[in-house]
Every structure is written in structure tokens, then in C-alpha cells.
Amino acid sequence: MADLVYPPIIGAALTLFRGLDLKIDIIGAENVPRTGGAVLVSNHVSYLDFIFAGWGALKAGKRKTRFMAKEEVFNHRISGPLMRGMKHIPVDRSDGQPAYEAAVAALRAGEVVGVFPEATISRSFVLKKFKTGAARMAADANVPLLPMAVWGTQRLWTKGRPKTLTRRHTPITIIIGEPIVLTPEDRPVMVTRRLRAAMTELVDRAQTTYPETPSGPEDAWWQPAHLGGTAPTLEVAEAEDEKENADKAARRAAKAEAEAAQQR
């Protein structure tokens with residue numbers, strides 16, 4: 001099927017980038033495979049990361065990326081039709097097998113599939129633990145992993161902070177690493193460790209070479225703690241995530257109980 005939705009969305013994004021005069025710097029463009037399937041693997045610091053990670057692959061290698069995203073995004077009345085039109089892949093977190101199979105099929109068909117192995121946004125802005133799904137998909141489809149780091153996107157919109165989507169002149173760094181080619185002997189856990197090590201280097205490079213620093217203590221929230229910022233440490237951030245997940249589970253349970261009571 002022809003891509004009827006992706007091109008106008010790209011055009012709208014480009015218009016927005018130009019209007020905001022975002023300073024987008026793409027490094028490592030030569031590492032994007034020009035043909036064939038690949039699993040694009042990015043860190044996750046913002047709700048907008050899929051836009052910029054996808055733009056990195058498109059600008060560098062003219063490759064459209066099909067991102068795996070939680071099913072709730074596809075159920076939204078506005079984002080749902082757009083996500084489906086761009087052939088992104090919905091993930092049901094209670095049963096991820098259909099999404100996994102759809103991603104492997106897309107990879108075997110020569111598509112680039114985008115994955116955030118941390119699963120959720122990192123409040124600490126450093127890498128969290130990785131899921132092994134990206135490595136398993138690459139092995140099953142016999143395609144390379146393409147590590148990527150994005151930085152600066154958290155200044156526009158991230159978890160626990162107000163949106164600043166009209167912020168102008170923001171630098172955005174996108175670094176694309178060398179593809180990781182798997183062999184039949186590679187095990188997903190070991191490959192995931194290699195992937196995380198490679199991405200740690202990319203993220204560190206993006207952070208330390210970023211052209212701006214916080215303007216003062218009140219602006220230090222977007223800088224990780226180990227670089228002197230006021231973002232929570234990884235340990236504190238993980239505790240916040242656990243509490244948030246517990247609260248969501250409690251709300252779902254209460255809703256299910258209420259619905260069951262109405263049916264009695």
C-alpha cells in the first residue's frame with residue numbers, strides 16, 4: 001500500500017520545525033541502511049522522540065520508520081487514525097505477541113521498525129533497563145540493530161513537565177550509531193547488553209556536546225543529575241515510575257470492579 005498519510009505528516013512536521021527554528025543536528029547519517037529491514041533503537045526522554053528519531057532516519061537515509069507504540073495512542077480519536085495511516089504498530093501491553101509478530105513481518109518486508117527499549121520515558125534522562133525485544137526481533141528477521149540517541153527533545157515536552165511546544169530555537173541532537181549486525185550464535189541478552197553499551201556512549205556524547213546549558217537553577221530540570229542538573233537520579237525516577245504504575249493499576253482495578261458491580 002502507498003504511504004498516503006506519512007508524507008503530509010512529514011511536511012507538517014517540517015513546517016513546524018522551520019517555524020520554531022529548531023536547531024536539528026543529525027550526526028552519523030552514513031550509518032542508516034539505505035535498503036532492507038532494520039530495528040531503529042532510540043533512548044526515550046520525550047513524548048516527541050518518535051518524531052525526531054523518525055526524522056533522523058528519514059533525513060539521513062530517506063527511510064520511513066514504523067514505530068511500536070502503546071495501543072492507547074491508537075485508540076485516541078485524533079492520534080489513532082494518524083498512527084494507523086503511518087503504519088505504526090500498536091502494542092497491547094497485556095499481550096505483546098501480535099505486535100511482535102507484526103514488527104517481525106515488517107522487518108522481513110524491508111521496513112525500518114522503531115523501538116524504545118526502555119518502554120517508557122526516562123525521568124532521569126539517563127538510560128533505564130532495556131527490554132530484550134529489539135534484539136529478539138532483529139534476530140528473528142535477520143536484520144541489524146540501528147542504535148540512536150536523541151537529546152534536547154525533553155525541553156519541548158516530557159513526563160511531569162508542562163508542554164512548551166512553541167519554544168523557539170531549541171537545539172535538538174540526533175546521533176546515529178553504527179549498525180549492530182547479529183550472528184546466529186548471538187543470544188538476545190548479550191546482544192541487548194552490547195546495544196545498551198553502544199547507546200550509552202551515544203547518549204553521553206549527545207549530552208556532553210549539546211550546545212546549550214541550563215540558564216540557571218530554575219532551568220536545570222532538563223539536565224541529568226550526574227551533569228549537575230536537577231533531574232531525579234535513576235533510582236528516584238524508578239521509584240516514581242513504580243508509584244505511578246501502582247496508582248494506574250489501582251485505578252484500573254477500581255474501574256473493573258465498578259463495571260462488574262453494574263452488571264450484577
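Everything below is about the structure shown above.
Computed from a prediction, not measured in an experiment: that's the story for all the values here.

Side note on the packing of aromatic side chains
- Applying the stated criterion to the full structure yields seven aromatic pairs.
- Ring geometry for Phe 17 and Phe 52: centres 5.0 Å apart, planes at 20°, overall stacked. Remark: Phe 52 occurs in helix 2 (residues 49–61) and Phe 17 occurs in helix 1 (residues 6–20); sequence separation between them is 35 residues.
- These aromatic residues form a ring-pair network of at least three members: Phe 17, Phe 52 and Trp 55.
- Seen from the ring of Trp 222, Arg 155 lies directly overhead, with NZ or CZ sitting 4.3 Å from the centre.
- A cation over an aromatic ring shows up here: Arg 161 above the ring of Trp 221, its NZ or CZ 4.2 Å from the ring centre.

What to know about the sheet that holds strand 3 (residues 65–70)
- Ordered by their spatial adjacency, seven strands build an open sheet running 1-7-6-2-5-3-4, and the pairing between neighbours is mixed. Edge strands, defined here as strands with exactly one partner in the open sheet, are strand 1 (23–27) and strand 4 (89–91). Taken pair by pair, the neighbouring strands of this sheet meet at an average axis angle of 20°, ignoring direction.
- Judged from the five bridges that link them, strand 1 and strand 7 (residues 171–176) form a sheet pairing that is parallel. The residue bridging Ile 26 from the neighbouring strand is Ile 174, located in strand 7.

Some points on the packing of helix 5 (residues 97–108) against helix 6 (residues 133–141)
- Where helix 5 meets helix 6, the closest approach of the two axes is 9 Å, and the angle between their N-to-C directions is 45°. Considering their axes alone, helix 5 and helix 6 lie oblique with respect to each other. Like other packed secondary-structure pairs, helix 5 and helix 6 cross with a definite hand, here right-handed. Along its contact with helix 5, which presents Tyr 100, Ala 103, Val 104, Leu 107 and Arg 108, the element helix 6 presents Gly 133, Arg 136, Met 137, Asp 140 and Ala 141.
- Residue composition of the contact of helix 5 with helix 6, by class: six nonpolar, one polar and three charged.

Regarding unusual backbone geometry
- The residue Ala 119 is not glycine, and still its phi comes out positive at about 75°.
- With a relative accessible area of 35%, Ala 119 lands in the partly exposed category.
- Not every positive phi belongs to a glycine, and Asn 142 is a case in point at roughly 60°.
- Among the structural elements, Asn 142 can be located in the loop between helix 6 and strand 6 (145–151).
- Given a relative accessible area of 67%, Asn 142 falls into the exposed group.

What counts, and where the lines are drawn
Residues numbered from 1 in each chain as written. Predicted model: local features only at pLDDT ≥ 70, side-chain atom pairs only at ≥ 80, totals over all residues. Heavy atoms only, no water. Phe/Tyr/Trp six-rings, centres within 6.5 Å; stacked < 30°, edge-to-face > 60°. Helix = DSSP H or I, 4+ residues; strand = E, 2+ residues; numbered from the N terminus. Lys NZ or Arg CZ within 6 Å of the ring centre and 35° of its normal. Pairing = 2+ DSSP bridges. Axes fitted to C-alpha atoms, helices over the stretch in contact; angles between N-to-C directions. Parallel < 35°, antiparallel > 145°, perpendicular 65-115°, else oblique. Left-handed = near helix turned anticlockwise from the far one by under 90°. Contact = heavy atoms within 4.5 Å. Nonpolar A, V, L, I, M, F, W, Y, C, P; charged D, E, K, R; others polar. Buried < 20%, exposed > 50% of the residue type's maximum accessible area, 1.4 Å probe, protein only.

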